[in-house]
Protein chains: 2
Amino acid sequence: MDEITRVAVDAMGGDNAPEEIVKGAVEAVNENHKIKVYLVGKQAAVQEELAKYTYDKGQIEVLHADEIIETAEPPVLAIRKKKESSIVKALHLVKEGTCDAFVSAGSSGAVLVGGQLIVGRIKGIERPPLAPLIPTETGCSLLIDCGANVDARPSHLVQFAKMGSVYMESVMGVDKPKVAIVNIGAEEEKGNALVKETFPLLKNCPEINFIGSIEARDIPTGYADVIVCEAFAGNIILKLYEGVGATLIKKVKAGMMTSLRSKIGALLVKPALKSTLKGFSLEEYGGAPLLGLNGLVVKTHGSSKSIEIKNSILQCVTFKEQRINKKIKEKVILKDK
Amino acid sequence: MDEITRVAVDAMGGDNAPEEIVKGAVEAVNENHKIKVYLVGKQAAVQEELAKYTYDKGQIEVLHADEIIETAEPPVLAIRKKKESSIVKALHLVKEGTCDAFVSAGSSGAVLVGGQLIVGRIKGIERPPLAPLIPTETGCSLLIDCGANVDARPSHLVQFAKMGSVYMESVMGVDKPKVAIVNIGAEEEKGNALVKETFPLLKNCPEINFIGSIEARDIPTGYADVIVCEAFAGNIILKLYEGVGATLIKKVKAGMMTSLRSKIGALLVKPALKSTLKGFSLEEYGGAPLLGLNGLVVKTHGSSKSIEIKNSILQCVTFKEQRINKKIKEKVILKDK
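Residues numbered from 1 in each chain as written. Chains lettered and ligands numbered in written order. Predicted model: local features only at pLDDT ≥ 70, side-chain atom pairs only at ≥ 80, totals over all residues. Heavy atoms only, no water.

1. What about the nonpolar core?
L39, I219 and I313 of chain A together with L39, I219 and I313 of chain B are the most contacted members of the largest nonpolar core, which has 232 residues in total. Filtering out sequence-adjacent residues up to four positions away, I313 of chain A remains in contact with V7, V9, G24, A25, A28, I35, V37 and V103 of chain A. (Core = buried A, V, L, I, M, F, W, Y, C linked by side-chain atoms within 4.5 Å. Buried < 20%, exposed > 50% of the residue type's maximum accessible area, 1.4 Å probe, protein only. Contact = heavy atoms within 4.5 Å.)

Spelled out as structure tokens, the structure:
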């Protein structure tokens, strides 16, 4: 298979733009020759960064965009007004077919809204969910939805479950992914109104391997491969994962610095600890795909460094090569009828 | 102040009953002579455990209860049918004024339902929230509500915010506790329907020190003292705290065992690490009070060991001595009119 995956990258999005974004793009093309990156943003600034690196010039193109959408701007308004922004221009590259995918560390709201308004949903998909991979004891799980659609309905959650299954099966190679719905108890009768209504629908879905409820406590153990929830809950899960992890690691480090004895011990455990904890880092898994669009939109963390940008770009290759959208059309939409 | 706090304890509740429950009760009375504990449960089993310890016999009384409510039983039905259960009998001790408080590691559902049905709400309180203390980088925060009322309304959340403020101020000694609402972004216009409706109500509450939204990422930092949310979200937060913590500590331990070098280091850091991580343990803070009832009901974790039972019993003393319910009546109810 020697087809090229063409990825539009928001060179101006995120806390570390354009430096880390450009660096990540260079790292991606240097790792995989079947990628072409379109860096969209302020031409002069992007070129200045690019000049620092060695790479195949045919693999990176710069497209000038005069405006930047800031994180604080109301997303819908920003997408409508700022036609010359990096996000809007890059999304149009996907819409018109010049690019297969778009990667941004910029305003989540603008990326989510823009993805839906400009790239558009696959016909039959009610709402496109944002679905990051989160680390677990045994590998990783897909958390779907984690930010795109607050106040979702049961039918949305059923589509999330199906799309998540397709993704975990095709992109991550998990056979018959175990699907669970986030709940506040393991029993079927537990939950809020949304979960109680959704549970029997999932139970009667022959296309997925539904294993019932999952309590938040069990998410990090890897009990389920696809973790279904509405966006408000999903956002809490994703961000608390980050927050508790950061605080605990800070505590562990501080604990090791409390005595001479522990300081010496810290020097000895450091390398081993570093490699173990790396496997439990959100950064390892690149960005979160917004599933169900006519093209791929990947949102990475606002504080993304080059490694996350690189991983997000590489993720687009797998997504294209595995024909995820074709599978979503076949397995999610048709079966809905 | 030499008044006695009388605490009914569910001797049969939780995974480690009656052993750890009885042990915790003994530890509590041995630590504080102004407590009287009523151990409610199977008399023979409880007496057998009690016989292992030395304590002031006047401080512990055993009340026989023939039935046990299991975790899997539907709570409302169980409370209505099992009149002879330890939970129902103990709750009646609170209702009739024999006891000031009730502590249980048993079925959460039965404790929450029973608290409301038997002990009853303070007049004017719409829903009693379950409010555990969770560890943070700087100390601890009150998470309110974390399990009692799914699908809550904005007016409930406003009462939670006020009750939480009273608790943190009087029990934990925090001056003007900072109150925040759990949200998926820092901006006022973000959130689901419930949060959007509640936000302006909290903003216009002169009785509390409302500081706006809190993202889940910032909860472990101690950014707010009182963290307001509806029960489904709160339950996710509480349980994920536990889950991520457990998994990370497992990872850290495994990481330290990967090489001879790191094993030696582990021996050196172990004591320091243990004491640091202890401060970040949910167990340190005893149980979660169910606020707004005519008496105090404290639910501790199903896997509670004696330390949690002891801390939960001691917590009842502070609750009584600080006249929390009087303050709730004055500050939450009257101000609502």
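2. Here's the deal with the side chain of K239 of chain B
By secondary structure assignment, the location of K239 of chain B is in helix 8 (residues 231–256). Classification of K239 of chain B as buried rests on a relative accessible area of 11%. A distance of 2.2 Å separates the side chain of K239 of chain B from the side chain of E215 of chain A, its partner in a polar contact. Other than its neighbours up to four places away in sequence, K239 of chain B contacts I184, E215, A216 and R217 of chain A. (Helix = DSSP H or I, 4+ residues; strand = E, 2+ residues; numbered from the N terminus. Polar contact = N/O pair within 3.5 Å; in protein donor to acceptor, adjacent residues only side chain to side chain.)

3. Things to note about the interface of chain A and chain B
Between chain A and chain B, the residue contacts involve 52 residues of the former and 52 residues of the latter. Between chain A and chain B the total buried area reaches about 5100 Å² when both faces are included, carbon and sulfur atoms providing 72% of it. At the junction of chain A and chain B, the tally comes to six salt bridges. E242 of chain B serves as the salt-bridge partner of R217 of chain A, at 2.9 Å between the closest nitrogen and oxygen. Secondary structure elements with two or more residues in the side of chain A that touches chain B: strand 7 (178–183), helix 7 (193–203), helix 8 (231–256) and helix 9 (260–278) of chain A. The leading source of residues in the side of chain A that touches chain B is helix 8 of chain A, at 19 residues. Residues that form the side of chain A that touches chain B fall into these classes: 28 nonpolar, 15 polar and nine charged. (Buried area = accessible area lost by both parts, 1.4 Å probe. Salt bridge = Lys/Arg side-chain N within 4 Å of Asp/Glu carboxyl O. Nonpolar A, V, L, I, M, F, W, Y, C, P; charged D, E, K, R; others polar.)

4. Brief notes about helix 9 of chain A
For helix 9 of chain A, with 19 residues, the first-to-last C-alpha span of 26 Å sits near the 27 Å given by 1.5 Å per residue. Where helix 9 of chain A bends most, at V269 of chain A, the angle is about 50°, and the proline P271 of chain A comes one to four residues later. Every buried residue of helix 9 of chain A is listed here: S262, G265, A266, V269, A272, L273, T276 and L277 of chain A. The elements touched by buried residues of helix 9 of chain A are helix 8 of chain A together with helix 8 and helix 9 (260–278) of chain B. (Expected span 1.5 Å × (residues − 1). Bend = angle between axes of the 7 residues up to and from the residue.)

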